[in-house]
Amino acid sequence: MQQWLVEYALETPNGFKTETKTYYLPSISDVRRSVRDEGGYVLSVRPHQRSVIERILAKSSWWQIQLLRGIQFRSSSVPPSVAFWRLIEAENNPRRQNILAPAREALQRGLGVIDALKSLRLFDHSTVAILAASEKSNKLHEGIPHAIQNITHKRKNMAKIGGTMAWLGIDIFSITQGMFWGKPMILGWFRRNTPTDPETLAEFNRTVDNLELLWNVLIAIAVGLSIFFVWTIVSFWLNRGRKDWPTARIVRKIPLIGSYMRDLGFADSTAAASRMIKGSVRISDTLQQSSEATSVPEVSSYWLEAHHDLERGVALGAALDREPLSRHERMEVATVSDLDQIGTVLESISEMRAQKAETKNKVIIWAAFLLSGIYLLIAFGSAIYALTIMNISMDSIMGDLTGGVL
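Definitions and cut-offs
- Residues numbered from 1 in each chain as written.
- Predicted model: local features only at pLDDT ≥ 70, side-chain atom pairs only at ≥ 80, totals over all residues.
- Heavy atoms only, no water.
- Helix = DSSP H or I, 4+ residues; strand = E, 2+ residues; numbered from the N terminus.
- Buried < 20%, exposed > 50% of the residue type's maximum accessible area, 1.4 Å probe, protein only.
- Contact = heavy atoms within 4.5 Å.
- Areas by Shrake-Rupley, 256 points an atom, 1.4 Å probe, with all protein chains shown as cover.
- Core = buried A, V, L, I, M, F, W, Y, C linked by side-chain atoms within 4.5 Å.
- Axes fitted to C-alpha atoms, helices over the stretch in contact; angles between N-to-C directions.
- Parallel < 35°, antiparallel > 145°, perpendicular 65-115°, else oblique.
- Left-handed = near helix turned anticlockwise from the far one by under 90°.
- Nonpolar A, V, L, I, M, F, W, Y, C, P; charged D, E, K, R; others polar.
- Salt bridge = Lys/Arg side-chain N within 4 Å of Asp/Glu carboxyl O.
- Phe/Tyr/Trp six-rings, centres within 6.5 Å; stacked < 30°, edge-to-face > 60°.
- Lys NZ or Arg CZ within 6 Å of the ring centre and 35° of its normal.

1. With respect to the overall build of the chain
When its secondary structure is counted, the chain shows 16 helices and three strands. Taken across its 406 residues, the chain has 41% of its residues classed as buried. Counted over contacts in the chain with a minimum sequence separation of 6, partners at least 24 positions apart contribute 61%. Carbon and sulfur atoms provide 59% of the accessible area of the chain, an area that totals close to 22,100 Å².

2. Here we look at the side chain of Ser34
Within the fold, Ser34 resides in helix α1 (residues 28-37). Since its relative accessible area comes to 19%, Ser34 is described here as buried. When residues no more than four places from it in sequence are discounted, the contact partners of Ser34 are Tyr23 and Leu25.

3. Quick notes on the nonpolar core
Residues Leu67, Leu68, Phe84, Leu117, Leu120, Phe123 and Leu131 are the most contacted members of the largest nonpolar core, which totals 29 residues. When contributions to this core are tallied by element, the ones reaching two or more residues are α3 (61-74), α4 (80-90), α5 (94-108), α6 (113-120), α7 (125-136) and α8 (140-192). With sequence-adjacent residues up to four places away left out, Phe84 is seen in contact with Leu67, Ile71, Leu100, Ala103, Leu107, Val113, Ala116, Leu117 and Leu120.

4. What about the packing of helix α11 (residues 255-278) against helix α12 (residues 283-291)?
The contact between α11 and α12 brings their axes to 9 Å, and the two run at 160°. If you check the angle between α11 and α12, you find them roughly antiparallel. For the element pair α11 and α12, the recorded crossing hand is right-handed. Counted together, Ser269, Ala273, Met276 and Ile277 of α11 and Ile283, Thr286, Gln289 and Ser290 of α12 form the full contact between these two elements. Tallied by class, residues from the contact of α11 with α12 come to four nonpolar, four polar and no charged.

5. Quick word on the pattern of salt bridges
Within the structure shown, the criterion is met by eleven salt bridges. The closest approach of N and O atoms between Glu19 and Lys17, which form a salt bridge, is 3.1 Å. Here Lys17 falls in the partly exposed class, since its relative accessible area comes to 40%. Where Glu298 meets Arg262, a salt bridge forms, and the shortest distance between an N and an O atom there is 3.5 Å. Taken together, the positions of Glu298 in helix α13 (residues 297-311) and Arg262 in helix α11 put the pair 36 residues apart, joining distant regions of the chain.

6. Some words on unusual backbone geometry
Residue Pro324 is bonded to the preceding Glu323 through a cis peptide linkage, with omega at 10°. With respect to the element layout, Pro324 can be found in the loop between α14 (316-320) and α15 (327-334).

7. Points about the packing of aromatic side chains
Within the structure shown, the criterion is met by four aromatic pairs. Between Phe16 and Tyr41, the aromatic rings sit 6.0 Å apart at their centres with planes inclined by 65°, giving edge-to-face as the arrangement. Taken together, the positions of Phe16 in strand β2 (residues 15-25) and Tyr41 in strand β3 (residues 40-47) put the pair 25 residues apart, joining distant regions of the chain. Given a relative accessible area of 56%, Phe16 falls into the exposed group. A relative accessible area of 46% means that Tyr41 is categorised as partly exposed. Ring-pair connections join several aromatic residues into one group, and the members of that group are Phe266, Tyr302 and Trp303. Between Arg104 and the ring centre of Trp85, over which it is positioned, the NZ or CZ distance is 5.7 Å.

What follows is the structure, given as structure tokens:
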């Protein structure tokens with residue numbers, strides 16, 4: 001599905017009139033067909049591109065929460081899809097109207113409120129899964145507060161990690177900037193004031209070369225990590241709502257961060273599965289929907305494989321008893337005999353995975369402190385090393401001035 005900006009001509013009693021309208025359809029041919037059914041003649045079709053301001057507003061967790069609260073407030077007396085439609089109709093801000101255009105098109109085509117929310121590509125998979133699980137249980141009004149809590153919790157975690165990284169980044173940037181701008185001046189002074197003694201000169205040059213190499217390596221590491229961090233943050237921000245993309249695959253290969261994301265994926269998907277099971281949603285639909293609750297392919301494959309085994313006649317406990325669940329989790333799952341028990345077990349697994357993710361979150365922060373401390377220690381140590389080289393040069397200069405008396 002894609003949002004298209006279409007310019008078309010419409011015949012009126014006063015002649016042809018040109019209009020511009022957005023459509024949310026799979027392809028250009030579908031757009032042309034829709035315009036033709038409305039009695040218009042397509043002049044131009046192009047994919048709609050959001051402005052920078054619209055992208056920032058759309059990705060804002062504050063606006064996401066306001067959107068969900070608006071649906072919750074209006075859905076107390078009408079169906080959620082009608083509540084969402086009224087919310088869109090009541091929006092007067094042009095930028096927000098443009099952001100909500102795909103949802104308007106989805107609702108006009110008869111799709112449900114969850115499909116309309118997915119078309120906006122605003123929310124992450126765990127939030128959509130919570131909403132979808134509540135909607136399947138006909139309790140979307142009750143599920144929205146849990147979705148808001150999920151958004152708020154993740155925002156706090158990201159703010160915690162972001163604040164730590166920003167503080168460490170400022171320290172490393174300050175040291176790196178000092179080395180970057182001070183290196184030519186300091187090394188230039190060393191090159192201009194070399195000892196005259198041949199043995200001392202050879203040791204001096206070797207020492208200066210080693211210092212230059214060390215500073216180059218430290219600067220390259222800092223610049224490379226800075227580019228990688230900025231690229232990763234921007235990529236995750238722009239691709240929020242997508243299932244998988246190259247940056248996410250690279251990040252998941254980082255040992256500690258990869259397991260952290262996997263724990264988060266299991267916490268979100270098992271929580272959604274538990275909610276759907278307790279809401280009497282069909283188990284086959286539950287497994288399929290749970291696979292959509294995360295962007296981690298390993299976790300998504302777990303649910304799809306369990307669904308495949310269930311269709312083959314394998315018992316539910318045996319279908320869920322597989323890796324990458326831990327040994328303790330597999331023992332709990334394998335012993336269940338009815339849906340009520342599996343709902344309770346999945347809720348327990350969700351809580352345990354969330355605790356593991358929280359622990360790994362703290363470990364990641366402390367590891368960042370440790371690595372940055374080692375970097376700063378090396379940087380400060382090289383500065384002290386530079387003073388030692390300066391003493392060698394100064395001793396040689398003073399010896400030349402005094403004629404070797406000192």
